[in-house]
Amino acid sequence: MSPLESISERLGITEPWVEKGGVHWLTPGAKSVREVAQAMNEFHARFVTITAYQLPGDQGFRLEYHWDLNGQLLGFPFQLAGNSIESIYDLCEATDWIEREIHEGFVIDFVGREYEPLLLRQGDTPGVNLREEKK
Amino acid sequence: MSYKIPMGPYHPGLEEPYKLDMICEGETVQDAKLRIGFNFRGIEHLAETRNYIQVIALMERVCGICSNIHTLTLCQAMEGLTGLTPPPRAKYIRVIMAELERLHSHVLWAGIAAKLMGFKTMFMTCFELREKVMDVLQAISGNRVNYSMNRIGGVNRDITDPPAILALVEALEAEMARTVIPIFTTSSTARSRCAGIGVLTMERAISCGVVGPVARASGLPQDLRRAAPYAAYDEMEFDVPVQPDGDVRARLLVRALEIMESCKILRQALAKLPPGEIHTEGEKFPFITGTATSRVEAPRGEVMYSVSWKEGSRNPARVHVRTPTFAVMPAIRWMVQGARLADTPLIQASIDPCYSCTDR
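Just so we're clear, the structure is a prediction, and the values are computed from it rather than from any experiment.

Undergrad: I'd like a rundown of the overall build of chain B, residues and numbers included.
TA: When its secondary structure is counted, chain B shows 16 helices and 8 strands. For chain B, whose C-alpha radius of gyration is 20 Å, the value lies close to the compact-globule estimate of 21 Å for 360 residues. For chain B, the spread of C-alpha atoms along the principal axes amounts to about 70 × 45 × 30 Å. Going through the 360 residues of chain B one by one, you find that 52% of them count as buried. Of all intrachain contacts in chain B linking residues separated by at least 6 positions in sequence, the fraction that spans at least 24 positions is 71%.

Next comes the structure, spelled out in structure tokens:
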């Protein structure tokens, strides 16, 4: 069994991995980001980053979580209907700054952690940089 | 009694603005907090207002040292969306530019580290060598900082006289082997100032997700040129230097050895430079709607670009950049714990931080 198949089995996901745009994607379905992060820790995958996208209209946001496993870039997309998702900072220390940056750029709340300002200065408003206001 | 010492955002011990608030007991640092954002330019947002040509020029300005790497990573991601594959010669030229940039970055860093060690003659030697690397970059690209070499589907300029560039690289290699490498690997000054300080254990390096020379100096043999080859790296023979100690000296040794490996790659790439075109023919290409990602091993470690295009749009919907310093910098907190206050500038410099990249 390949490492990617082992990850699918560990997470109980039957959907196949899809290689697209330089990334091996696995749709997590009902699995939470914390379950994925725990599995990645068990497989000794290295956290790379989270990329946030604001979706059109009222569709919310998509967060793409990336880990590296022996040179393969893995991607797990999570769609947010609202403005929040569970933080994985306590499971993966490396997510600290990127969670803070996304919070400041898109006003997405990573539930279960406290923030200190990262890029913003005193008096700055979160969300003015990357978040589009709905017309 | 503990007290707080702020270092920065503007401080002689820092190359660029950022802030380190250190909690000290006497001369010993107990803990530290980092504050960044003093160079924040909103480049990711600005990228959404540029078309697919302009965005390359914009992202080249994310960093003043590894500017070529940013356009290489971005162009590779955009090539993923357009379906274009650069010709073999372009891939080799990309390798040559990337390794020259690594030499430039590592020698510049070595000079700054030497200055912080109190080793001024070494600083002068490194900067003289750096000028020679920049002369080679200028000979190829016509530029010394932003080279404008990469385009979607290849490179903008050819290397018309590889033997002449090879002669310059061999002269550089000989000079580095005579001066920089022995001094950094054997000198008692370098050893006494660097050994055992700013230690980042392998366990902590893993949990922090550090990349590049900092990871390799903590015993992690990760290098995208080997693990996920891009451009023409799968055709190059080279070693990935790894040191187990995780201290400043290990980072010094890794970079010194990488200088020699870069020269080895450059000799191969220049000798085997294939004939042919340097970019794909035709000016028009379709953009496929969707997202694409690319990663490259920059001098400081892994750079990752995610780009997204909406159908029919000339501008990207999103350009996300994860720079190596963004991944490495939080680990400074662990490196300075237990260190002497006087060692903290050198410890910070030992990660070769790029604040401009980090803030974007």
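Undergrad: Explain the overall build of chain A residue by residue, including any values.
TA: Helices and strands together make up the secondary structure of chain A, namely 3 helices and 7 strands. If you list the helices and strands of chain A from N to C, you get α-β-β-α-β-β-β-β-α-β. What you see for chain A is a C-alpha radius of gyration of 15 Å, in line with the 14 Å of a compact globule of 135 residues. The dimensions of chain A, computed from C-alpha atoms along their principal axes, are 55 × 30 × 25 Å. Partitioning the contacts of chain A with sequence separation of at least 6, the portion at a separation of at least 24 is 49%.

Undergrad: I'd like a description of the pairing of strand β4 (residues 61-69) of chain A, backed by residues and values.
TA: All names here are of chain A. Judged by how many residues are buried, β4 sits mostly within the fold: 7 of 9 residues are covered. Alignment of strand β3 (residues 46-54) against β4, held across 8 bridges, turns out to be antiparallel. Opposite T51, over in β4, you have E64 as the bridge partner. Following β3, the chain reverses through 6 residues before pairing antiparallel with β4; G57 in that reversal takes a positive phi of roughly 60°. Strand direction decides the pairing type here: β4 and strand β5 (residues 72-80), joined by 9 bridges, are antiparallel. Of the residues in β5, the one forming a bridge with F61 is L80. A loop of 2 residues connects β4 with β5, the two strands running antiparallel in sequence, and N70 in this loop sits at a positive phi of about 50°.

Undergrad: An account of the interface of chain B and chain A is needed here, citing residue identities and associated values.
TA: Each side of the interface is counted separately: chain B has 28 residues, and chain A has 22 residues. Put simply, the parts of the chain that give the side of chain B that touches chain A at least two residues each are α1 (43-47), α9 (202-208), α11 (224-227), β6 (290-298), β7 (301-309) and β8 (316-322) of chain B. When residues in the side of chain B that touches chain A are grouped by element, the largest group, 6 residues, is from β6(B). A per-class count over the side of chain B that touches chain A returns 10 nonpolar, 13 polar and 5 charged.

Undergrad: Give me the sheet that holds strand β3 (residues 28-35) of chain B: which residues, what numbers.
TA: Residue and element names in this part refer to chain B. Taken in spatial order, the 3 strands line up as β1-β2-β3 in an open sheet, and their pairing is antiparallel. Each edge of the open sheet is held by one strand with a lone partner, namely β1 (2-7) and β3. On average, adjacent strands in this sheet sit at an angle of 20° to one another, irrespective of strand direction. Of the strand pairs in this sheet, strand β2 (residues 19-25) and β3 are connected by 7 bridges, and their pairing is antiparallel. Bridge pairing links K19 to R35 in β3.

Undergrad: How would you sum up the packing of helix α4 (residues 88-117) of chain B against helix α12 (residues 248-271) of chain B? Please name residues and give values.
TA: All names here are of chain B. At their nearest, the axes of α4 and α12 sit 9 Å apart, and the two run at 155° to each other. Judged by the angle between their axes, α4 and α12 are roughly antiparallel. Both α4 and α12 take part in a crossing whose hand is left-handed. For the pair α4 and α12, the contacting residues are Y92, V95, I96, E99, L100, R102, L103, H106, V107, W109, A110 and A113 in the first and L252, R255, E258, I259, S262, I265, L266, A269 and L270 in the second. Taken together, the residues of the contact of α4 with α12 break down into 15 nonpolar, 2 polar and 4 charged.

Undergrad: So what about the pairing of β7(B)? Which residues, and what values?
TA: Residues and elements named next belong to chain B. Of all 9 residues that make up β7, 9 are buried, and the element is covered over most of its length. Where β6 lies against β7, 9 bridges are found, and the strand directions are antiparallel. If you follow T293 over to β7, its bridge partner there is S306. Two successive antiparallel strands, β6 and β7, enclose a turn made up of 2 residues. Relative to β8, β7 runs antiparallel, the two being bridged by 6 bridges. Paired with S308 across the bridge in β8 is R318. Counted along the chain from β7 to the antiparallel partner β8, the turn is 6 residues long, and its residue G312 has a positive phi close to 80°.

Undergrad: Give a description of the sheet that holds β6(B) that names residues and reports values.
TA: Residues and elements named next belong to chain B. Within the open sheet, the 3 strands sit side by side as β6-β7-β8. Their pairing is antiparallel. Both edges of this open sheet fall to β6 and β8, since each of them pairs with a single strand only. Here the average twist between neighbouring strands, direction ignored, is 15°. Relative to β6, helix α3 (residues 67-82) is tilted by about 145°, and along the sheet it contacts β6 and β7.

Undergrad: Account for the nonpolar core, naming residues and giving values.
TA: Residue and element names in this part refer to chain B. Ranked by size, the top nonpolar core spans 150 residues in total, and within it V95, I96, A113, V210, A269, V307 and A331 carry the most contacts. Considering every element that reaches this core, the biggest residue donor is α4, with 16 residues. The residues touching V95, leaving out its near neighbours within four places in the chain, are A231, A232, Y233, M236, I265 and A269.

Undergrad: Go over helix α5 (residues 120-141) of chain B, please, and point to the residues and values.
TA: Residues and elements named next belong to chain B. Between its first and last C-alpha atoms α5 spans 31 Å; for 22 residues at 1.5 Å apiece the expected length is 32 Å, and the two agree. Within α5 the residues assigned to the buried category are M122, T125, C126, L129, V133, V136, L137, I140 and S141. All buried residues of α5 fall inside an arc of 145° around its axis, so they share one side. The outward face of α5, more than 90 degrees from its buried face, is lined by the exposed residues K120, T121 and E131.

Undergrad: Tell me about the environment of N156(B), and please be specific about residues and values.
TA: Residues and elements named next belong to chain B. Tracing the chain through its elements places N156 in the loop between β5 (154-155) and α6 (162-178). Taking the number of C-beta atoms within 10 Å as the measure of exposure, N156 has 17 and is therefore partly exposed. Those residues within four positions of N156 in sequence are excluded, and the remaining contacts are S148, M149 and R151.

What counts, and at which threshold
Throughout this document, residue positions are counted from 1 along each chain, in the order its sequence is written. Whichever chain is written first becomes A and whichever ligand is written first becomes 1, with later ones labelled in order. The predicted origin of the model limits local features to residues at a pLDDT of at least 70 and limits the giving and counting of side-chain atom pairs to 80 or more, whereas totals for whole chains, interfaces and linings rest on all residues. Each helix corresponds to a stretch of at least 4 residues labelled H or I by DSSP, and each strand to a stretch of at least 2 residues labelled E; elements are numbered beginning at the N terminus. Atoms counted for the radius of gyration: C-alpha only. Globule rule: 2.2 Å times residue count to the power 0.38. The exposure scheme places C-beta atoms from the backbone and then counts, for each residue, the other C-beta atoms within 10 Å of its own, assigning buried at 20 or more, exposed at 12 or fewer, and partly exposed in between. We call two residues in contact if the C-beta atoms placed from their backbones are at most 7 Å apart. Two strands qualify as a pair provided that DSSP identifies no fewer than 2 bridges between them. Gly is put with the polar residues, along with every residue not named as nonpolar or charged; the nonpolar set is Ala, Val, Leu, Ile, Met, Phe, Trp, Tyr, Cys and Pro, and the charged set is Asp, Glu, Lys and Arg. Angles shown run from 0 to 180 degrees and are taken between the N-to-C directions of axes, each axis being a line fitted to C-alpha atoms and, for helices, limited to the stretch in contact. Here the angle decides the label: under 35 degrees means roughly parallel, over 145 means roughly antiparallel, 65 to 115 means roughly perpendicular, and every other value means oblique. Each crossing gets its hand from how the near helix is turned against the far one by less than a right angle, where anticlockwise is left-handed and clockwise is right-handed. The nonpolar core criterion groups buried Ala, Val, Leu, Ile, Met, Phe, Trp, Tyr and Cys residues into a set whenever they are joined through C-beta atoms within 7 Å. By definition here, a helix of n residues has an expected span of 1.5 Å times n minus one. Arc definition: directions from the helix axis to the C-beta atoms.

By themselves, these figures tell us nothing about what the structure is for.
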